[in-house]
Amino acid sequence: MKLAPSILIVLSTTSSTLAFSPGSPSTCHHARLTPSTSSLLGAKKTKGKKTTSASSGLKGFGSTTKSSTTSTINVPIDRSNAAMDFYTFLENNGAGANLKRVALGFFPFTPDGEENKLRGVVALKKIPKGEVIIEIPYEAAFNLGMESNDPTLPGSILLQEYCQWISGAEASKMKKRDLGPYLQVLPPFGTDELGSTDFFSDEALDMLQSPQIKEETLARRDKSLARFERDVKPMSQIGTNMYKWANNEEITEEHLRWASWIVTSRVLTVQGEAGSGEAYRLMIPLIDMCNHDRDSPHILTGRAVPGGTLKVVAGKTVDVGEQINIVYGGGVSGNDRFVQDYGFLDTLCNGAADDITAKILMGRGRILEGAGAKNGRPTLMPEDERERALAALDETTLEEDLGLMSTRGKDMPNDVRSALEYRIGIKKALKKLGYGLVMDG
């Protein structure tokens, strides 16, 4: 897919790069994570606090508590110790000016939600259309190397950096900066935030009724295990501090799988020098904390070059207290990718993410990424694969699935319930397309 000249940052997934493209304003906001996740505030509701003007930026709040509100911002602002360390990290790396425009805040998971449990980026001031919302120097990004279709290599690089931080190992004298304040605001290993199929149980993988997703997931796990056995485990056993966890705990393949998922879900692929044909996997602090909105109009731009900057530019006027969202998957990824790569289902926008997947299964849409794409090129799913996928979905009817969700959904493990939600959404989309699913049992 060709990139528009001004849109040079693209979201990285497992096998391809997709351009971010501006859309139109809507209320299709969605979280990066599933509703089962926790935040730095947990389930604790924020009490009213002394208010001040937001015009002076984050440092003007003056609160020492975990969150703050103002007369113009009714969104809890994250001022936990970890968040404050992260803000200082931004300042120390040439990105402090952003803190006059935005901060980390907490939002409901859905537009009608009541509890603010989802961390995202909130505007501290009105930002006119066309002006910069976030601007991060290239040198402040964590460069994980050239783009490829294997996340386990950059995953091993991230894991090494994370191990050095969490184990308290002494940093190398050659190290240019401390990434600890950034690393500590990432989803931690072993939390319930890992909603990707990479962490699904066998029961949950079967509940998807998608042989293709199950096979790709197992293949990804095989890649992770192979990388761990070949590159990580030997280094962790020779007495170095390269791969040691907290309290000198030995790391496992699951740690590498977690790091690879962090790469898949958060990394942005950014083009290098013009005409070079090079692209790099970057973790870009603050930008990678923006949540997903399929219809976000905001534009990501910049190049991975020394002295360059990586920006989110307002595609519409942003109001004070508004959440800053971006588009994941270039706006063309379906829920078959979201459940694998990002760990949540994009259930809003009238089921657009389900429609994309359903069209692929009906032979009306092309596979743009993942194992089904041929050499990273868009391709139609072969007829025999479509038949296999639809046959798996036909094992139960939509009505049976809805009944199962109604009677047992609340008692299901998170991954099993997410899998059931996935197949319900796909079956509803197939029905809209006229597919002859047996509806009456």
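Up top is the structure.
This is a predicted model, so every value here is computed, not measured.

Which residues make up the nonpolar core, and what are the values?
Side chains of nonpolar character tend, in soluble globular proteins, to be buried together. Phe86, Ile134 and Leu159 are the most contacted members of the largest nonpolar core, which has 73 residues in total. The biggest single contributor to this core is helix H1 (residues 81–92), with seven residues. Those residues within four positions of Ile134 in sequence are excluded, and the remaining contacts are Asn98, Arg101, Val102, Val121, Leu286, Ile287, Cys290, Leu310, Lys311 and Val312. If you look at the next biggest cluster of nonpolar residues, it comprises 28 residues, including Leu205, Leu404, Leu420 and Tyr435.

Describe the pairing of strand E6 (residues 102–107), naming the residues involved and giving the relevant values.
If a strand is regular, its side chains alternate between the two faces of the sheet. Taking burial as the measure, the six residues of E6 include six buried ones, the bulk of the element. By the alternation rule, side chains of E6 split into Val102, Leu104 and Phe106 and Ala103, Gly105 and Phe107, which are all buried. Judged from the six bridges that link them, E6 and strand E7 (residues 118–123) form a sheet pairing that is antiparallel. Along E7, the bridge assignment pairs Leu104 with Val121.

Summarise the pattern of salt bridges; cite the residues concerned and give the values.
Two side chains bearing opposite charge may form a pair once their charged atoms approach each other closely. If you walk through the whole model with that rule in mind, you get 21 salt bridges. Measuring nitrogen to oxygen at the nearest pair gives 2.6 Å for the salt bridge that ties Lys316 to Glu322. Taking the shortest distance from any N to any O, the salt bridge between Arg388 and Glu385 comes out at 2.9 Å. A residue pair is termed a helical-turn pair when its members lie 3 or 4 positions apart in one helix, as Arg388 and Glu385 do in helix H9 (residues 383–393) at three residues. Given a relative accessible area of 22%, Glu385 falls into the partly exposed group. Salt bridges here are not isolated pairs; linked through shared partners, they connect Asp198, Glu216, Arg220, Arg337 and Asp341.

Provide a residue-level description of the environment of Pro151, including the pertinent values.
Mapped onto the secondary structure, Pro151 falls in the loop between strand E9 (142–146) and helix H2 (152–166). Those residues in contact with Pro151 that lie beyond four places of it in its chain are Ser260, Val263, Thr264 and Arg281.

Outline the packing of helix H5 (residues 211–236) against H9, listing residues and values.
Following both chains from N to C, one finds H5 and H9 inclined at 105 degrees, their axes separated by 8 Å at the closest point. If you check the angle between H5 and H9, you find them roughly perpendicular. For the pair formed by H5 and H9, the contact residues are Pro211, Gln212 and Glu215 on the first element and Glu385, Arg388, Ala389 and Ala392 on the second. Across the contact of H5 with H9, the residue classes tally to three nonpolar, one polar and three charged.

I'd like to hear about the environment of Gly308, residue by residue, with values.
One can find Gly308 in the loop between strand E13 (299–302) and strand E14 (309–313). Beyond its immediate chain neighbours, meaning those up to four positions away, Gly308 contacts Ile136, Pro137, Tyr138 and Glu139.

Tell me about the sheet that holds E14, and please be specific about residues and values.
Pairing is antiparallel across the open sheet formed by three strands, whose spatial order is E8-E14-E13. Where the open sheet ends on each side, the last strands, each with one partner, are strand E8 (132–137) and E13. Direction aside, neighbouring strands of the sheet carry axes that sit 15 degrees apart on average. With five bridges connecting them, E8 and E14 associate as antiparallel partners. Counted as the bridge partner of Ile134 is Val312 from E14.

Quick one: what's the story with H1, residue by residue and with numbers?
Taking 1.5 Å as the rise per residue, H1 with twelve residues should run 16 Å; its terminal C-alpha atoms sit 16 Å apart, in good agreement. For H1, every residue scored as buried is listed here: Ala82, Ala83, Met84, Phe86, Tyr87, Phe89 and Leu90. Along its buried surface, H1 packs onto strand E5 (77–78), E6, E8 and helix H3 (180–183). One or two residues past the end of H1 sits Gly94, with phi positive at roughly 80 degrees.

Definitions and limits used
Residues numbered from 1 in each chain as written. Predicted model: local features only at pLDDT ≥ 70, side-chain atom pairs only at ≥ 80, totals over all residues. Heavy atoms only, no water. Core = buried A, V, L, I, M, F, W, Y, C linked by side-chain atoms within 4.5 Å. Buried < 20%, exposed > 50% of the residue type's maximum accessible area, 1.4 Å probe, protein only. Helix = DSSP H or I, 4+ residues; strand = E, 2+ residues; numbered from the N terminus. Contact = heavy atoms within 4.5 Å. Pairing = 2+ DSSP bridges. Salt bridge = Lys/Arg side-chain N within 4 Å of Asp/Glu carboxyl O. Axes fitted to C-alpha atoms, helices over the stretch in contact; angles between N-to-C directions. Parallel < 35°, antiparallel > 145°, perpendicular 65-115°, else oblique. Nonpolar A, V, L, I, M, F, W, Y, C, P; charged D, E, K, R; others polar. Expected span 1.5 Å × (residues − 1).

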